[in-house]
Amino acid sequence: MSNLIATMTSAASALDAYSQVLDVVQNNVSNASTPGYASQTEQLDALPFNLAEGFTGRVRPGQVESSRDNYAEQAVQQQTTLLGQAQQEVNSLTAMQSLFDVTGATGISAAFNSLFQAFSSWGQTPTSTVARQNVIDQASAVAGAFQQTATGLAQVAQNTKQQLQQTVTSINQMAGQLAAYNQEIMNGDRNDAGLDAQIHSTLEQLSQNAGITATEQSDGTYMVLLGGQTPLVIADRAYNLSLAPVPNNPMSANPNGPNHLSIVTSGGADVTSLSTGGQLGALLNLANNVLPTYLGDQTQPGELNTLALQFAKNVNDQLSNGSQTDGSDGSSPVPGVALFTYDTANPTNVAQSLQVDPTATPDQLAAITLGPPEVSNGVALGLSQLANPTDSGDQIGGLSYTEYYASMASGVGGLLSTATNQL
């Protein structure tokens, strides 16, 4: 009788074990397409068999083992971080590149060419009111092109700031989710395959937003660090980040220039230097490094403002040093007037504020250089030579104004090409 009972007990144990195996298999099939899911295997443990000593032997359910490889998961997270960074760079730089047309068909390049042609025409007919009015009209087009480009870049900067805020908010939300998942694990759901899938799906999404390291702890919870150092999640607690402007430095070269942006912990620590990966890193680099190169910041005026300032100042100086009349009638020569106005107090606002002086009239444009020798169209000819200058004073770093603009455009294009290849 005892042998029969032992046999039935063994059979029941085996049925129970295989029932759990089938449950695991069914769970694998049901979740085959679930993001973040890793298949599981139910281990079966054989008990000792020795009837003489009372060991009847049977099979019992063992540990449920996951096929997940943490090293592979970390590799995927690292590549996802690079992917998020490259995607964001391509999107942002594409918007920037659209503002720089190097073909000469539109934008600053086209406006420069038209103004240089107007200067040349004025040089051929220096007393022509029509030629002078055309100079004013084309100068207005140059100012408008600078304003349009500056406005476009400012919009990219604003969009970048908004995207940064959205990214930080998303990071905080996912950190909160992971903390809640950790709480479930601490409550006894460590072997829940669905929970495991949710954790790793969230970690993969989080890694696209920022460079993180996620480490499974001995109790099954996950510790997540930003840049390998700053805690985002520990056990059931999430640590929020925030976006903050870097305070103005009144002693800087441009105290009124645009602020850089920083990532700050809830404790007030600046962790911007650790936020270099994923969408967060790409957006911070754009806001703090790429855009200031063109728009300026507290330490630099920006290339667009440098170009606008140097060009406008050169044109103004030549016109102001010229003369409207030659004094041949015995009267004193009438000096010319400046053509452009701009914000002289803020070097980072020159391109945005550039315009033609609304009080300037065609007859005030001075074409004459008194010399000696006097040249009736000397100013007009000098301005027309700005298209291909040979004097270093008419250049920026050895480049003509058109070439300097082209170097700005190629800089954006080079960054976009690198990001596209990385993507």
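One can find the structure itself at the top, above this paragraph.
Residues numbered from 1 in each chain as written. Predicted model: local features only at pLDDT ≥ 70, side-chain atom pairs only at ≥ 80, totals over all residues. Heavy atoms only, no water.

Enquirer: Give a description of the overall build of the chain that names residues and reports values.
Expert: Counting secondary structure elements, the chain contains 10 helices and 12 strands. Counting only residues that meet the buried cut, the chain has 41% of its 423 residues in that class. Carbon together with sulfur atoms contributes 51% to the accessible area of the chain, which is approximately 20700 Å² in total. (Helix = DSSP H or I, 4+ residues; strand = E, 2+ residues; numbered from the N terminus. Buried < 20%, exposed > 50% of the residue type's maximum accessible area, 1.4 Å probe, protein only. Areas by Shrake-Rupley, 256 points an atom, 1.4 Å probe, with all protein chains shown as cover.)

Enquirer: Tell me about the side chain of Q88, and name the residues and values.
Expert: Tracing the backbone shows Q88 in helix 2 (residues 70-97). Judged by its relative accessible area of 8%, Q88 is buried. When near neighbours in sequence (up to four residues on either side) are disregarded, Q88 contacts Q163, Q279, A282 and L283. (Contact = heavy atoms within 4.5 Å.)

Enquirer: Break down the packing of helix 4 (residues 129-186) against helix 7 (residues 303-321) for me, citing the residues and quoting the values.
Expert: Running from amino to carboxyl end, helix 4 crosses helix 7 at an angle of 165 degrees, the nearest separation of the two axes being 11 Å. The angle between the axes of helix 4 and helix 7 places the two elements in the roughly antiparallel class. Judged by the twist between their axes, the crossing of helix 4 over helix 7 is left-handed. In this structure, helix 4 contributes V142, F146, T149, A150 and L153 to the contact, and helix 7 contributes L304, L307, A308 and F311. Taken together, the residues of the contact of helix 4 with helix 7 sort by class into eight nonpolar, one polar and no charged. (Axes fitted to C-alpha atoms, helices over the stretch in contact; angles between N-to-C directions. Parallel < 35°, antiparallel > 145°, perpendicular 65-115°, else oblique. Left-handed = near helix turned anticlockwise from the far one by under 90°. Nonpolar A, V, L, I, M, F, W, Y, C, P; charged D, E, K, R; others polar.)

Enquirer: Would you mind going over the pattern of salt bridges in detail, with residue names and values included?
Expert: A full pass over the atoms with the stated rule returns one salt bridge. We note a salt bridge from K313 to D317, for which the minimum N-O separation is 3.2 Å. Note that K313 and D317 are positioned in helix 7 at a spacing of four residues, about one turn of the helix. When its relative accessible area of 41% is taken as the criterion, K313 is described as partly exposed. Its relative accessible area of 35% is what places D317 among the partly exposed residues. (Salt bridge = Lys/Arg side-chain N within 4 Å of Asp/Glu carboxyl O.)

Enquirer: So, the environment of N240: which residues are in play, and what are the values?
Expert: Looking at the element boundaries, N240 is found in the loop between strand 8 (237-238) and strand 9 (241-245). For N240 and G267, which are 27 residues apart along the polypeptide, the C-alpha to C-alpha distance reads 9.2 Å. For N240, the residues in contact, after removing those within four places along its chain, are N172, V264, T265 and S266.

Enquirer: So what's going on with the pairing of strand 7 (residues 230-234)? Residues and values would help.
Expert: One ladder, built from three bridges, connects strand 6 (residues 222-226) with strand 7; its direction is antiparallel. The residue bridging V224 from the neighbouring strand is V233, located in strand 7. In this antiparallel pair of consecutive strands, strand 6 and strand 7, the connection spans three residues, and G227 shows a positive phi of 60 degrees. Summarising the sheet, strand 7 and strand 8 pair through two bridges and their orientation is antiparallel. Bridge assignment links I234 to a residue of strand 8, and that residue is R237. (Pairing = 2+ DSSP bridges.)

Enquirer: Please provide a residue-by-residue account of helix 4, values included.
Expert: Relative to the 86 Å expected for 58 residues at 1.5 Å per residue, helix 4 spans 85 Å between its end C-alpha atoms, a close match to the ideal helical length. The N-cap of helix 4, judged by a side-chain oxygen 3.3 Å from the amide nitrogen of V130 a few residues on, is S128. Among the residues trailing helix 4, G188 stands out with phi positive, at a value near 115 degrees. (Expected span 1.5 Å × (residues − 1). Polar contact = N/O pair within 3.5 Å; in protein donor to acceptor, adjacent residues only side chain to side chain.)

Enquirer: Help me get a handle on the layout of surface pockets, residues and values and all.
Expert: Approximately 460 Å³ is the volume found for the largest pocket. What lines the largest pocket is a set of 22 residues, and nearest its centre among them are A154, A157, P258, L295 and G296. At the level of secondary structure, the elements contributing two or more residues to the lining of the largest pocket comprise helix 4, helix 6 (278-295) and helix 8 (350-353). No other element matches helix 4, which puts five residues into the lining of the largest pocket. Broken down by class, the residue content of the lining of the largest pocket amounts to 10 nonpolar, 10 polar and two charged. (1 Å grid on protein atoms, 1.4 Å probe; cavity = no way out; pocket = protein on both sides within 12 Å on 5 of 7 lines; lining within 4 Å. Points joined across faces, edges and corners; volume = space filled by probe spheres on them.)

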